[in-house]
Amino acid sequence: MKLNNIVVREIFDSRGKPTISVCVEAASGVSACAEIPSGKSRGSREAAVLRPKEAVVAVKKLLPALKEKDFSGIAALDRFLISEDGTPNKSKLGGNTMLGISVAFARILAETRKEELWQTVQREFFPEYLRKRPRVPYIFSNLINGGAHADNNLDIQEYMVVVAPKQPIEKSVEKLIALYKKLGKMLALAVGSPKALRTGDEGGYSLNFQSGFEPLRILNAATRSLRAGKMFSLAIDAAASEFYRHEYYVLEGKGISREALVHVYLDFLKRIPALVSLEDPFDEEDREGFKSLLGRTKGKLIVGDDLTTTNPKEIKRCAEEKLINAVIIKPNQIGTVSEACEAMKVAEKFKLKTIVSHRSGETEDSFIIHLARAGSAYGVKIGAPVRERMSKFNELIRLYS
Ligand code: PGA
Ligand code: ZN
């Protein structure tokens, strides 16, 4: 497929910060766009992000060479973008610009073939799932926000509920909304009314708590009060790189060692058996921490995010070193559709569970849900069931019901 034009525009994410929309036009006249989200607690190995004006300039320079080519598929386009960029962290074209072109191109292919976007991605990268029934994903929904995403005293960034795929997807979402409201009522006792509750970047409640354990206790009580059986379990994303300071983790104002932090998590797990998943429990360079926790927990997910940054090589290395048994997949951490799919394939090969994830600064673009469906993800991570996050939940219902 030959391409005629690419237009990059400055748009704004859910935090009101500038990000980009990328629209691609094929020679056939078919065109499509993609909107790119942005992270705040980013891993240091993530693909570079160009500012909107820089992305416009980069695309202008890229266009003459791009128009010469005829791309057989998404991987061919991505290979061209990677070679034109030529840097280890995509700093010339920007991971955000490249992903925008890559996703918009995939949408043009889907439109041309009159199929869903997930089918186009699956046909090219995951043919092994083509004739299989879709695996409905677990939903990781962040109901209490802390860390870099909130203006409160929580060091741990996310307290999530995990919804098991035990009922039709729309019922899962309905129950999750009921839980979110119930939790709001419980937390409102401290501030007067649910309307007086503040929320963080991902729509979860944001207020001060007595300790980092308290949100888990309350979330656990809220899930139990709904009498939903084993439908709900709990998860955290510590995003621990954010509270790591030279050999020490600063939790609740005190500097503690790696070993002490291991014990904090083991204590959480002992007190709340429903806690099933710990994401980025240590700094992204603290491989000893990950290894130690994985070795001392059975049947729990130890998830890499800042540690792995959706990079196939890093995921392989972490799996071989036995640091994690699950991994977050964020397409904009790596910067092309092909590499995000490759990351999922590598994870699958090493028996790591894959959780396809949004970013804290989001747009209305629901590409991640299509990626989850195409690559048969174990889970999707999409924030609280409110505001701008609803477009992902609604796409989930459309693709899985
Ligand atoms: P980010 O954080 O999107 O702000 O980087 C999300 C996460 O750590 O999972
Ligand atoms: Zn994370």
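Residues numbered from 1 in each chain as written. Chains lettered and ligands numbered in written order. Predicted model: local features only at pLDDT ≥ 70, side-chain atom pairs only at ≥ 80, totals over all residues. Heavy atoms only, no water.

A word on the packing of helix α12 (residues 367–374) against helix α13 (residues 390–400)
For the pair α12 and α13, interaxial distance at closest approach is 9 Å and the crossing angle is 35 degrees. Along this stretch, α12 crosses α13, giving a crossing that reads as right-handed. Contacts between α12 and α13 pair Ile-368, Ile-369, His-370, Ala-372 and Arg-373 from the former with Lys-392, Glu-395, Leu-396, Arg-398, Leu-399 and Tyr-400 from the latter. When the residues that make up the contact of α12 with α13 are grouped by side-chain class, the tally is six nonpolar, one polar and four charged. (Axes fitted to C-alpha atoms, helices over the stretch in contact; angles between N-to-C directions. Helix = DSSP H or I, 4+ residues; strand = E, 2+ residues; numbered from the N terminus. Left-handed = near helix turned anticlockwise from the far one by under 90°. Contact = heavy atoms within 4.5 Å. Nonpolar A, V, L, I, M, F, W, Y, C, P; charged D, E, K, R; others polar.)

Description of the pairing of strand β2 (residues 18–26)
Of all nine residues in β2, seven are buried, a share of seventy percent or more. Here strand β1 (residues 3–12) pairs with β2 via nine bridges, running antiparallel. Bridge pairing in β2 links Arg-9 to Ser-21. Hairpin connection of β1 to β2: five residues between the antiparallel strands, including Gly-16 at a positive phi of 80 degrees. Pairing analysis gives five bridges linking β2 to strand β3 (residues 31–35), with the strands arranged antiparallel. Bridge assignment links Cys-23 to a residue of β3, and that residue is Cys-33. Turn length for the β2-β3 hairpin, with the two strands adjacent in sequence and antiparallel, is four residues, and the turn residue Gly-29 shows positive phi of about 100 degrees. (Buried < 20%, exposed > 50% of the residue type's maximum accessible area, 1.4 Å probe, protein only. Pairing = 2+ DSSP bridges.)

Here's the deal with the domain arrangement of the protein
Many descriptions give the size of an interface as the accessible area lost when the pieces come together. When its domains are assigned, the protein resolves into domain 1 (3–116) and domain 2 (129–400). For domain 1 and domain 2, the distance between their C-alpha centres works out to 27 Å. Contacts between the two partners involve 31 residues from domain 1, matched on the other side by 35 residues from domain 2. A combined buried area of about 2,700 Å² lies between domain 1 and domain 2, and 45% of that area is made up of carbon and sulfur atoms. The three residues of domain 1 that bury the most area against domain 2 are Ser-14, Ser-41 and Arg-45, which together make up 25% of that side's buried surface. The interface formed by domain 1 and domain 2 holds seven salt bridges in total. Asp-365 is the partner of Arg-107 in a salt bridge, and the nearest nitrogen-oxygen pair spans 2.8 Å. Run the count over domain 1 and domain 2 and you get 26 residue pairs in polar contact (both at pLDDT 80 or more). For the side of domain 1 that touches domain 2, the secondary structure elements donating two or more residues are β3, α2 (74–85) and α3 (95–113). (Domains from an automatic or database assignment. Buried area = accessible area lost by both parts, 1.4 Å probe. Salt bridge = Lys/Arg side-chain N within 4 Å of Asp/Glu carboxyl O. Polar contact = N/O pair within 3.5 Å; in protein donor to acceptor, adjacent residues only side chain to side chain.)

Structural notes on the site of ligand 1
Around ligand 1 there are 15 residues in total, and Lys-40, His-149, Arg-359, Ser-360 and Lys-381 lie nearest to it. Take Glu-279: an N or O atom from its side chain is 3.3 Å from an oxygen atom of ligand 1. Here ligand 1 has 280 Å² of accessible area as a free molecule, and 100% of this is covered by the chains. If you map ligand 1 onto the pockets, it falls in the second largest cavity. By residue class, the composition of the shell around ligand 1 is no nonpolar, five polar and 10 charged. Each of domain 1 (3–116) and domain 2 (129–400) contributes no fewer than three residues to the shell around ligand 1. (Near = heavy atom within 4 Å. Areas by Shrake-Rupley, 256 points an atom, 1.4 Å probe, with all protein chains shown as cover. 1 Å grid on protein atoms, 1.4 Å probe; cavity = no way out; pocket = protein on both sides within 12 Å on 5 of 7 lines; lining within 4 Å. Sits in = over half its atoms within 2 Å of the grid points.)

As for the coordination of the zinc ion (ligand 2)
Donor atoms from the polypeptide that bind the zinc ion (ligand 2) are Asp-237 (OD), Glu-279 (OE) and Asp-305 (OD), placed at 2.1 to 2.2 Å. Here the donor residues for the zinc ion (ligand 2) map to a single chain with the spacing D-x41-E-x25-D. On the criterion of sequence distance, the pair formed by Glu-279 in strand β10 (residues 275–279) and Asp-305 in the loop between β11 (301–304) and α9 (312–320) is long-range, its members being 26 residues apart. Like Glu-279, the residue Asp-305 is buried in the burial classification. (Donors = N, O, S within 2.8 Å, 3.2 Å for Na, K, Ca; no water.)

Details of empty space enclosed by the protein
Any empty space left between the atoms is revealed when a probe the size of a water molecule rolls over them. Evaluated as defined, the whole model comprises four cavities of 30 Å³ or more. The calculated volume of the largest cavity comes to roughly 150 Å³. Around the largest cavity sit 18 residues that line it, and Glu-35, Pro-37, Leu-99, Phe-367 and Ile-368 are the ones nearest its centre. Put simply, the parts of the chain that give the lining of the largest cavity at least two residues each are β3, α3, α10 (331–334) and α12. Split into classes, the residues belonging to the lining of the largest cavity amount to eight nonpolar, four polar and six charged. Here the lining of the largest cavity spans two domains, and each of domain 1 (3–116) and domain 2 (129–400) adds at least three residues to it. Estimates place the volume of the second largest cavity at around 100 Å³. Taken together, 18 residues form the lining of the second largest cavity, with Ser-41, His-149, Gln-157, Glu-158 and Lys-330 sitting closest to its centre. Looking at the lining of the second largest cavity residue by residue, the class counts come to one nonpolar, seven polar and 10 charged. No fewer than three residues from each of domain 1 (3–116) and domain 2 (129–400) sit in the lining of the second largest cavity. (Points joined across faces, edges and corners; volume = space filled by probe spheres on them.)

Examining unusual backbone geometry
A positive phi angle, near 45 degrees, is found at His-246, a position not held by glycine. With respect to the helices, strands and loops of the structure, His-246 is situated in the loop between β7 (244–245) and β8 (248–251). Although it is not a glycine, Arg-387 sits at a positive phi angle of roughly 45 degrees. With a relative accessible area of 44%, Arg-387 lands in the partly exposed category.

Focus: the packing of aromatic side chains
Summed over all chains, the structure comprises 12 aromatic pairs. Look at Phe-213 and Phe-268: their rings are 5.7 Å apart centre to centre, the planes differ by 45 degrees, and that puts the pair in the tilted class. Of this pair, Phe-213 sits in the loop between α5 (169–188) and α6 (214–225) while Phe-268 is found in helix α7 (residues 258–271), placing the two residues 55 residues apart along the sequence. Pair check on accessibility: Phe-213 and Phe-268 agree, each one buried. Ring centres of Tyr-249 and Phe-282 lie 6.1 Å apart, and the angle between their planes is 75 degrees; this geometry places the pair in the edge-to-face category. Of this pair, Tyr-249 sits in strand β8 while Phe-282 is found in the loop between β10 and α8 (287–295), placing the two residues 33 residues apart along the sequence. Neither Tyr-249 nor Phe-282 differs from the other in exposure class; each is buried. Among the aromatic residues, ring-to-ring pairing joins Phe-213, Phe-243, Tyr-244, Tyr-249, Tyr-265, Phe-268, Phe-282 and Phe-290 into one connected group. Across the ring face of Phe-213, the terminal group of Arg-271 is positioned such that the distance to the ring centre comes to 3.7 Å. Its end group placed over the ring of Tyr-378, Lys-353 keeps NZ or CZ at 5.3 Å from the ring centre. (Phe/Tyr/Trp six-rings, centres within 6.5 Å; stacked < 30°, edge-to-face > 60°. Lys NZ or Arg CZ within 6 Å of the ring centre and 35° of its normal.)

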